[in-house]
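Next come the chains, spelled out residue by residue.
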Amino acid sequence: MASGDIITNRKYFRHIRLLDALGATDNGVWIDCLSFTSISIEVSGITTATVLINTSNAATKPANTAHGQLRATFTADGEYTSNNLPRWLKARISPWTSGTISAIATLRGVRG
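Residues numbered from 1 in each chain as written. Predicted model: local features only at pLDDT ≥ 70, side-chain atom pairs only at ≥ 80, totals over all residues. Heavy atoms only, no water.

Across its full length, the chain carries zero helices and seven strands. Mapped in sequence order, the helices and strands of the chain form the string β-β-β-β-β-β-β. The C-alpha radius of gyration of the chain comes to 13 Å, within 12% of the 13 Å expected for a compact globule of 112 residues. Judged by the C-alpha coordinates and their principal axes, the chain covers about 45 × 25 × 25 Å. Here the analysis covers contacts within the chain between residues at least 6 apart in sequence; of these, 77% occur between residues at least 24 apart. A total accessible area of about 5600 Å² is found for the chain, and carbon and sulfur atoms account for 48% of it. Of the charged side chains in the chain, 11 are positive and 7 negative; the average position of the first set lies 10 Å away from that of the second. (Helix = DSSP H or I, 4+ residues; strand = E, 2+ residues; numbered from the N terminus. Rg over C-alpha atoms; globule rule 2.2 N^0.38 Å. Contact = heavy atoms within 4.5 Å. Areas by Shrake-Rupley, 256 points an atom, 1.4 Å probe, with all protein chains shown as cover. Lys, Arg positive; Asp, Glu negative; His and termini not counted. Charge placed at Lys NZ, Arg CZ, Asp CG, Glu CD.)

By size, the foremost hydrophobic cluster in this structure holds 24 residues, and its most contacted members are L18, I41, V51 and I53. For this core, the secondary structure elements donating two or more residues are β2 (13-22), β4 (38-56), β5 (69-74) and β7 (88-108). Discounting residues that sit within four places of it in the chain, I41 has contacts with L18, I53, G78, E79, Y80, L89, A103, I104 and A105. (Core = buried A, V, L, I, M, F, W, Y, C linked by side-chain atoms within 4.5 Å. Buried < 20%, exposed > 50% of the residue type's maximum accessible area, 1.4 Å probe, protein only.)

Turning our attention to the side chain of S56. Here S56 shows up in strand β4. Leave out the neighbours within four places in its chain, and S56 touches W30, P62, P86, R87 and W88.

Time to look at the confidence of the model for the chain. A low pLDDT means the predicted coordinates there should not be read in detail. Residue-level pLDDT values for the chain average 94, and 97% of them are 70 or greater. When pLDDT is averaged over each helix and strand of the chain, the minimum, 92, is found for strand β1 (residues 6-9) and the maximum, 97, for β4. (pLDDT = per-residue confidence, 0-100.)

Take a look at the structure:
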């Protein structure tokens, strides 16, 4: 699988691979959170690196090289949760020295 791929897609939740076992600096890919009410992100594999969670409320999907607003920073494995979702969200790696990093997002609920 690649970064941004949907792992599981059900009516009230979606699992998305934000970072797929990456061992280098990476801009990440934007995912659309429009229909969901909450998110949790599990980050693993950090040895010497920083994972940044970025968000945007742009009307259209930003370029992957754009970084929007910083929501969270990881320098060790961990989890991020939020009930206040933006339109777009991504995880990126910067800087990277070592580690094979993965991040899985679980989006829940459906705005109706």
